[in-house]
Amino acid sequence: FYDGPLDSLLLRPAAALDLIYDDNLFRQAQDERSDQIFVLAPELVLETDWLNHQITARAGASIGRHVDLNAEDYEDYFLSLSPLIDVDENTTLSLDFGYSSTHSERGSTDTLLEGPEPAIDDILKFSANWVYQSDKYSARLLYEFSQDDALDNGLIERDFLDNSSQVLVFRQGYDFTTGTTGWIQPGLEWIDYRLSRDDSGLVRDNQGWTLLAGVTINRTAVSFLELGLGAMSRSFEQTGQDDFFGFAYVGRLLWNITPLVTLDISAGRSARVVQSTTGRIAVDDEVTLELAWDPLENLIFQAAVSFTRSDYETLPGQARTEDLVEANLNMRYLLNENMYLEANYDFGNLSSNLIGDDYESNLLSIRAGVEL
């Protein structure tokens, strides 16, 4: 019998149903509105089972229905195609093509951009990740392209947020000893907006670079440590806008304390594109701590807490800073190899120097899921 490539295709459907209670749906300091939300999230994964190379295709959606505030209902969806090419025994090339239509979470944009319904962004993405690994030398070249189409929301025109971004990162490493690698990583980013100026006359295009050098220590079954230090810069095409220059850092500690307990601590500084009327990017300093505990083979507990300080790069006299504290508790119970139940709690607290942007939120959810 003929055994063709199509005989090695695997189709894996999955679905999850969430029941969510949100005590501050609009993420505001006063007059909080609570609601219950039902979310259905189906997904199809098609992948190959070849000895060399691999192709993975995904299609999924997230459909949210609110009990009281029906205007907040949403239908998100995504499509992706991800080939993995084994170039030779030392080299791989990962490609990813994706398209998504997603709503903006309340509180993630300026109050002036909050419309009567959740705002929608259509996003087209492409990435190519080339990885080379020899005996002691390693290299990685990553290119990412993203195009964001911000759809209008009621009377709020969001065309000025339409942009395309390109990221290029090149890391080279050398193994000084087994499991210890020194590396250097330069990176570039370009953000170009479709409109030359927004409604207030602000030119939003900007470019930046980052240069990091560090060390990675990998003791596979016990611990993983990575530390990197360097500098980052951002320049703006708006007349009168000061360029940003400062230090950059990245760090992560992954420690398997016991066979059942894992600690993951990460920290870093990065520039983030924001949907804001006052700035184009925010420089984020973030620290995250996660703890996982598997007391039983079919029971998993996870806890996480994070702190993010965001400094928006604005015109002189328009300073904007935010402190975000988030915490999460999650319990997953595996009914069998295909079905699971989850209980989840999320806490968020945002403190801003802008009046009216502060909020505190609590979110409880129960999920039933199946993965075939």
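In case you missed it, the structure is sitting above this.
Quick summary incoming for the structure in this document. Nothing here was measured: the structure is a model prediction, and the numbers come from that model. (Residues numbered from 1 in each chain as written. Predicted model: local features only at pLDDT ≥ 70, side-chain atom pairs only at ≥ 80, totals over all residues. Heavy atoms only, no water.)

## With respect to the pattern of salt bridges
When charged atoms on two side chains of opposite charge get close, those side chains can pair.
Next up, step 1: Scanning the entire structure with this criterion turns up 20 salt bridges.
Next up, step 2: A salt bridge links Asp121 to Arg158; its shortest N-O distance comes to 3.2 Å. Pair noted here: Asp121 is in strand β6 (residues 120-133) and Arg158 is in the loop between β7 (137-150) and β8 (163-177), with a separation of 37 residues, a long-range link. For the residue pair Asp121 and Arg158, the accessibility class agrees, reading buried in each case.
Next up, step 3: Here the salt bridges do not stand alone but share partners, grouping Glu72, Arg106 and Glu114 into one network. (Salt bridge = Lys/Arg side-chain N within 4 Å of Asp/Glu carboxyl O. Helix = DSSP H or I, 4+ residues; strand = E, 2+ residues; numbered from the N terminus. Buried < 20%, exposed > 50% of the residue type's maximum accessible area, 1.4 Å probe, protein only.)

## Brief notes about the nonpolar core
Next up, step 1: The biggest cluster of nonpolar side chains holds seven residues, and these are Ile20, Leu25, Ile37, Val39, Leu69, Tyr74 and Leu363.
Next up, step 2: Residues within four places of Leu25 in sequence aside, it is in contact with Arg33, Asp35, Ile37, His66, Leu69, Glu72 and Arg106.
Next up, step 3: By size, the runner-up hydrophobic cluster in this structure holds six residues, among which are Trp183, Leu212, Ala248 and Val283. (Core = buried A, V, L, I, M, F, W, Y, C linked by side-chain atoms within 4.5 Å. Contact = heavy atoms within 4.5 Å.)

## Comments concerning the pairing of strand β14 (residues 279-296)
Next up, step 1: Sheet analysis places strand β13 (residues 261-273) next to β14, joined by 13 bridges and oriented antiparallel. Following the sheet pairing, Ala267 is matched in β14 by Val287.
Next up, step 2: The turn joining β13 and β14, which pair antiparallel and follow one another in sequence, is formed by five residues.
Next up, step 3: Summarising the sheet, β14 and strand β15 (residues 299-314) pair through 14 bridges and their orientation is antiparallel. In the sheet register, Asp285 faces β15, and the bridge partner there is Arg309.
Next up, step 4: The antiparallel pairing of β14 with β15 creates a hairpin that spans two residues between the two strands. (Pairing = 2+ DSSP bridges.)

## Structural notes on the environment of Tyr359
Next up, step 1: By the secondary structure assignment, Tyr359 is in strand β18 (residues 359-371).
Next up, step 2: By relative accessible area, which is 13% here, Tyr359 ends up buried.
Next up, step 3: Each C-alpha atom, one on Tyr359 and one on Ala303, is 22 Å from the other, the two residues being 56 residues apart in sequence.
Next up, step 4: Those residues in contact with Tyr359, other than ones at most four positions away along the chain, are Asn24, Arg27, Gln28, Ala29, Leu324, Gly348, Asn349 and Leu350.

## Some thoughts on a nonpolar patch on the surface
Next up, step 1: A contiguous nonpolar surface patch, about 800 Å² in accessible area, is contributed by Trp130, Leu141, Leu168, Ile184, Leu188, Trp190, Trp209, Leu211 and Phe245.
Next up, step 2: Contributing elements (two or more residues each) for the nonpolar patch: β9 (180-193) and β10 (206-219).
Next up, step 3: It is β9 that provides the largest number of residues to the nonpolar patch, a total of three residues.
Next up, step 4: Inspection of the secondary structure puts Trp209 in strand β10. (Patch = residues over 30% accessible without salt bridge, like charges linked within 9 Å, V, L, I, M, F, W, Y side chains within 5 Å. Areas by Shrake-Rupley, 256 points an atom, 1.4 Å probe, with all protein chains shown as cover.)

## Considerations on the packing of aromatic side chains
The way to describe two aromatic rings as a pair is by their centre distance and the angle between their planes.
Next up, step 1: Inspection of every chain in the model, using the stated rule, returns nine aromatic pairs.
Next up, step 2: Note on Tyr174 and Phe176: the rings are 5.4 Å apart at their centroids and 75 degrees apart in plane angle, and the pair reads as edge-to-face.
Next up, step 3: Judged by centre distance (6.1 Å) and plane angle (55 degrees), the ring pair of Trp209 and Phe245 falls under tilted. With a gap of 36 residues between them, Trp209 in strand β10 and Phe245 in strand β12 (residues 244-258) connect regions that are remote in the sequence.
Next up, step 4: Three or more aromatic residues joined by ring pairs make a cluster, and in this case those are Phe97, Phe126 and Tyr143. (Phe/Tyr/Trp six-rings, centres within 6.5 Å; stacked < 30°, edge-to-face > 60°.)

## Notes on the side chain of Ser361
Next up, step 1: Here Ser361 lies in strand β18.
Next up, step 2: Among all residues touching Ser361, those that are not within four sequence positions of it are Asp23, Asn24, Arg27, Asp346, Phe347 and Gly348.

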